[in-house]
Amino acid sequence: DGSSLCHLPDACRDDRRIVLAAVRSDSRALRYASLNMRKDRDIVLTAVRQDGLVLEHASSSSRNDREIVLAAVGTSGGALQYASNNLRGDREIVLAAVRKSATSLRFASDDMRRDEDVVREAILSVDDYADRANILRFALKP
């Protein structure tokens, strides 16, 4: 679960080489890295390319980095919930998220939830009628 990094001294959790190795082994190790390491673009990209949901533990600057967020939603559409508000309104990012997980539409900006092409993409990506109904609810949410 990546927790081995949490048992190391602070100096180790701030050592780029150690943190990168830990994240390569288990992306969830990002959670225990120092803030400085959670800002490191290469470390965060390595982590989110394995599991987009670890974006939750990235720095705010990383959550506002378009390439990082696009990689995160590419592995887990739900990672959109951890993206900056600005990137939740980025059409390419939202489309990538709903293609991976249609229900991630609920995390998109109001404008994107009302975007006809985005909603269509989300609806067409699921077969279940109940899921389609949920997507429409997300799209119509005030």
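Residues numbered from 1 in each chain as written. Predicted model: local features only at pLDDT ≥ 70, side-chain atom pairs only at ≥ 80, totals over all residues. Heavy atoms only, no water.

A. Inspection of helix α2 (residues 16-25) at higher detail. Regarding α2, the residues found buried are Val-19, Leu-20, Ala-22 and Val-23. Here the buried residues of α2 occupy an arc of 165° about the axis, which is enough to place them on one side. Turned more than 90 degrees away from the buried face of α2 sit Arg-17, Arg-24 and Ser-25, all of them exposed. Elements that come into contact with the buried residues of α2 comprise α1 (10-13), α3 (35-38) and α4 (41-50). With a side-chain oxygen lying 3.0 Å from the backbone nitrogen of Arg-17, the N-terminal cap of α2 falls on Asp-15. (Buried < 20%, exposed > 50% of the residue type's maximum accessible area, 1.4 Å probe, protein only. Helix = DSSP H or I, 4+ residues; strand = E, 2+ residues; numbered from the N terminus. Arc of directions from axis to C-beta. Contact = heavy atoms within 4.5 Å. Polar contact = N/O pair within 3.5 Å; in protein donor to acceptor, adjacent residues only side chain to side chain.)

B. Geometry of the pattern of salt bridges. Under the defined criterion, the tally for this structure stands at 15 salt bridges. For Glu-121, the salt bridge identified is with Arg-99, shortest N-O distance 3.2 Å. You can see Glu-121 sitting in helix α9 (residues 116-124) and its partner Arg-99 sitting in helix α7 (residues 91-100), a full 22 residues away along the chain. Residue class for Glu-121 comes out partly exposed when judged on its relative accessible area of 27%. Residues Asp-110 and Arg-113 are paired through a salt bridge, measuring 2.7 Å at the closest nitrogen-oxygen approach. Residue Asp-110 and its partner Arg-113 are both found in helix α8 (residues 110-113); the two are separated by three residues, about one turn of the helix. (Salt bridge = Lys/Arg side-chain N within 4 Å of Asp/Glu carboxyl O.)

C. Representation of the nonpolar core within the structure. Ranked by size, the top nonpolar core spans 45 residues in total, and within it Leu-30, Val-48, Leu-55, Leu-80 and Leu-105 carry the most contacts. Listed by contribution, the elements that provide at least two residues to this core are α2, α4, α6 (66-75), α7, α9 and α10 (129-140). Those residues in contact with Leu-80 that sit more than four places away from it in its chain are Val-73, Leu-87, Arg-88, Ile-93, Val-94, Ala-97, Ser-104, Phe-107 and Ala-108. (Core = buried A, V, L, I, M, F, W, Y, C linked by side-chain atoms within 4.5 Å.)

D. Seen up close, the packing of α2 against α4. Where α2 contacts α4, the axes come no closer than 9 Å and their chain directions differ by 5°. Overall, the two elements α2 and α4 adopt an arrangement that is roughly parallel. Contacts between α2 and α4 involve Arg-16, Val-19, Leu-20, Val-23 and Arg-24 from the former and Asp-42, Ile-43, Thr-46, Ala-47 and Gln-50 from the latter. For the contact of α2 with α4, the residue count by class is five nonpolar, two polar and three charged. (Axes fitted to C-alpha atoms, helices over the stretch in contact; angles between N-to-C directions. Parallel < 35°, antiparallel > 145°, perpendicular 65-115°, else oblique. Nonpolar A, V, L, I, M, F, W, Y, C, P; charged D, E, K, R; others polar.)

E. Expanded view of the packing of α4 against α6. Following both chains from N to C, one finds α4 and α6 inclined at 15°, their axes separated by 8 Å at the closest point. Here α4 lies roughly parallel to α6, going by the angle between them. Seen along the crossing, α4 lies across α6 with a hand that is left-handed. Contacts from Arg-41, Val-44, Leu-45, Val-48 and Arg-49 of α4 reach α6 at Glu-67, Ile-68, Ala-71, Ala-72 and Thr-75. (Left-handed = near helix turned anticlockwise from the far one by under 90°.)

Such coordinate-based values are descriptive only and should not be taken to indicate function.
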